[in-house]
Amino acid sequence: MSTSMCSLVLALAFVSQGQRVPPPASDRLSARELLDRWAAGADLIESYSLSLELTSNPLVDNKDGKWRLLPEREAIKFPARYSRIYRKGGKRRGEFQRDEHGHYSPPMIWNGNTGYLFQPDGTSVHFTPFIMWFGSEQYEDYEATYRMFGGSIDRIQLSRERNTKSLPREGKLHVLDVPATPKPTSYNNLHWRVWLDPDRNFMPVRRMEWFQKTVGEALSLDVRNDLREVAAGVWAPIRTVTRVYHSGETSPLYGKHIGTNELRVIEDQSRFNVDVPDSLFEVKIPDGMTVTDAARNAVYTQGSADPDKYLAQLAKDENRKLDSLSPADRSPPAMVFIPPDEKPRWFWPLLIGIAVASAAGAIYAARRRWAVKGA
């Protein structure tokens, strides 16, 4: 082989070595791998100070006592709602329902363990071990667009607790399918599917949800996210459009698209991964304010000498109600099954809340029966 030919072969080999295409990524990751990557991408959003705008456009109208579906071009346009939300680590603060003067309602604060919900009139505050929605309504909850199921309930953790499956990829997107479950966990009748973008930290670009019904599944939500790189290497939703579907089996609107909600980050008034003052998450309760503590089932006045006395009084009042009922009118105690596996912090307060509500309902029904008998 001539010298020139050898040189040509070596040059071609060198070029092909330098331009070697890397091996293709795995076409399909496991559900566990996808959940880990999703969580890692969401965790990169460490803090924020955001201004949000929520617009809601229902597609149903009540005319002459009958509900009718409107064409999308005739959607009802509600006035936009504005809010300010802050995050620092596991702490969050929300200021919602801004009025025409630029004033917000008293804040909602989550300190990582307890939620503080101040009533709009400023006379009372509610302590709760979990928050259902971090907003004045479901569609105003920003973190529900990319991680949380709602409020302080983690969708990724819920997905880990179910028989979550990794479906075939759709284009470049990875797809997770999370079925409904018969287990006694929150939202056990909901099935959801999430599309994750590997080029944007495996953050969700779409989510669909279905209610488990007696005749099958009913579509409830179709959520689309516009993602943007909000800090170096950090991706977050800056616009979320949620299409709502009617899931009531007996309604003529069953399965119909009944409204659209758009949550938008006002970008020139918002910042991600910036220093947020700790003082925003400090809870200050003035003396004289009524406090409802759901964790202890207590109601008291802030600043009173002995708030715990309300617990004892509440127990006496409930016992007195039960003593006034005949054995026939007393409902049998509800059976509570405690599984051996560890549950998230929000599970048992939710179960206890349901039990308390059921007991209160039974007492109310019994009192109504006595009232009817005595009439």
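So, how was this worked out
- Residues numbered from 1 in each chain as written.
- Predicted model: local features only at pLDDT ≥ 70, side-chain atom pairs only at ≥ 80, totals over all residues.
- Heavy atoms only, no water.
- Helix = DSSP H or I, 4+ residues; strand = E, 2+ residues; numbered from the N terminus.
- Buried < 20%, exposed > 50% of the residue type's maximum accessible area, 1.4 Å probe, protein only.
- Contact = heavy atoms within 4.5 Å.
- Areas by Shrake-Rupley, 256 points an atom, 1.4 Å probe, with all protein chains shown as cover.
- Pairing = 2+ DSSP bridges.
- pLDDT = per-residue confidence, 0-100.
- 1 Å grid on protein atoms, 1.4 Å probe; cavity = no way out; pocket = protein on both sides within 12 Å on 5 of 7 lines; lining within 4 Å.
- Points joined across faces, edges and corners; volume = space filled by probe spheres on them.
- Salt bridge = Lys/Arg side-chain N within 4 Å of Asp/Glu carboxyl O.
- Polar contact = N/O pair within 3.5 Å; in protein donor to acceptor, adjacent residues only side chain to side chain.
- Phe/Tyr/Trp six-rings, centres within 6.5 Å; stacked < 30°, edge-to-face > 60°.
- Lys NZ or Arg CZ within 6 Å of the ring centre and 35° of its normal.
- Expected span 1.5 Å × (residues − 1).
- Arc of directions from axis to C-beta.
- Core = buried A, V, L, I, M, F, W, Y, C linked by side-chain atoms within 4.5 Å.

Trainee: Describe the overall build of the chain, and please don't skip the residues or the numbers.
Mentor: Across its full length, the chain carries five helices and 20 strands. Split into buried and exposed, the 375 residues of the chain put 39% on the buried side. A sequence separation of at least 24 residues applies to 51% of the contacts in the chain between residues at least 6 apart. When the accessible surface of the chain is summed, it comes to about 21,400 Å², and 55% of that surface belongs to carbon and sulfur atoms.

Trainee: Tell me about unusual backbone geometry, and please be specific about residues and values.
Mentor: Positive phi, close to 60°, is recorded for N201, a residue that is not glycine. Structurally, the position occupied by N201 is in the loop between β13 (190-197) and β14 (203-213). Taking relative accessible area as the criterion, N201 reaches 21% and is therefore assigned partly exposed. A positive phi angle, close to 55°, is found at N297, a residue other than glycine. Looking at where N297 falls in the secondary structure, it is placed in the loop between β19 (290-293) and β20 (298-301).

Trainee: Any chance you could break down the pairing of strand β4 (residues 81-88) for me, citing the residues and the numbers?
Mentor: Relative to β4, strand β1 (residues 47-58) runs antiparallel, the two sharing eight bridges. Note on β4: the bridge partner recorded for L54 is R81. Counting the residues that bridge the hairpin from β4 to strand β5 (residues 91-95) gives two residues, and of these G89 lies at a positive phi of roughly 60°.

Trainee: Kindly report on the confidence of the model for the chain, identifying the contributing residues and their values.
Mentor: Of all residues in the chain, 74% attain a pLDDT of 70 or more, and the chain-wide mean is 79. Confidence over residues 8-25 falls short of pLDDT 50; this stretch has zero contacts with residues more than four positions distant or in other chains.

Trainee: Any details on empty space enclosed by the protein? Residues and values, ideally.
Mentor: One pass over the structure, following the stated rule, counts two cavities of 30 Å³ or more. Of the volumes computed, that of the largest cavity is approximately 60 Å³. Around the largest cavity, the lining is made up of 15 residues, and of these A144, T145, P204, R207 and N225 lie nearest the centre. Going through the elements one at a time, β14 and β15 (216-231) are the ones with two or more residues in the lining of the largest cavity.

Trainee: Can you explain the pattern of salt bridges? Please cite residues and give values.
Mentor: Applying the stated criterion across every chain yields a total of 24 salt bridges. Notably, a salt bridge pairs D177 with R193, separated by 2.8 Å at the nearest N-O pair. With a gap of 16 residues between them, D177 in strand β12 (residues 173-178) and R193 in strand β13 connect regions that are remote in the sequence. Ionic pairing is found between R224 and D222, a salt bridge with its closest N-O pair at 3.1 Å. Judged by relative accessible area, which is 42%, R224 ranks as partly exposed.

Trainee: Before we move on, can you summarise the environment of D197 with the specific residues and values?
Mentor: With respect to the secondary-structure elements, D197 resides in strand β13. Filtering out sequence-adjacent residues up to four positions away, D197 remains in contact with K172, L173, F202, M203 and V205. A distance of 2.8 Å separates polar atoms of two side chains, one belonging to D197 and the other to R200.

Trainee: Account for the packing of aromatic side chains, with residues named and values stated.
Mentor: A complete count under the given rule lists six aromatic pairs for this structure. Members of the aromatic cluster, joined through ring pairs, are Y48, Y142, Y146 and F272. The aromatic ring of F202 is capped on one face by R37, whose charged end is 5.9 Å from the ring centroid.

Trainee: Describe the side chain of S270, with residues and values.
Mentor: By the element assignment, S270 lies in the loop between β17 (257-265) and β18 (271-272). Polar contacts involving the side chain of S270 include one to the main-chain amide nitrogen of S51, which spans 3.0 Å. Setting aside residues no more than four positions away along its own chain, S270 makes contact with S49, L50, S51 and V265.

Trainee: Got a sec to walk through helix α2 (residues 31-43)? Specific residues and values, please.
Mentor: In an α-helix, one turn spans 3.6 residues; hence positions three or four apart end up facing the same way. Between its first and last C-alpha atoms α2 spans 18 Å; for 13 residues at 1.5 Å apiece the expected length is 18 Å, and the two agree. Residues A31, L34, L35, W38, A39, G41 and A42 constitute the buried set of α2. Across the axial projection of α2, the buried residues extend over an arc of 165°, all falling on one side.

Trainee: Now, about the side chain of S152: what can you tell me, with residues and values included?
Mentor: Tracing the backbone shows S152 in the loop between β9 (148-150) and β10 (153-154). Taking the relative accessible area as the measure of exposure, S152 reaches 14% and is therefore buried.

Trainee: Help me get a handle on the nonpolar core, residues and values and all.
Mentor: The biggest cluster of nonpolar side chains holds 29 residues, and the ones touching the most others in it are I45, Y48, L50 and Y142. Elements represented by at least two residues in this core include exactly β1, β6 (108-110), β12, β14, β16 (234-245) and β17. What I45 contacts, discounting residues up to four positions off in sequence, is R87, Y146, M203, V234, W235, A236, F272 and N273. Core analysis: the second largest hydrophobic core is formed by 19 residues, L34, I153, L176 and F202 among them.

Trainee: Just give me the short version of the pairing of β19, but keep the residues and values in it.
Mentor: Only one face of β19 is covered, namely the one carrying V291 and D293; the face carrying T290 and T292 has none of its residues buried. Strand direction decides the pairing type here: β19 and β20, joined by four bridges, are antiparallel. Bridge pairing in β20 places T290 opposite T301.

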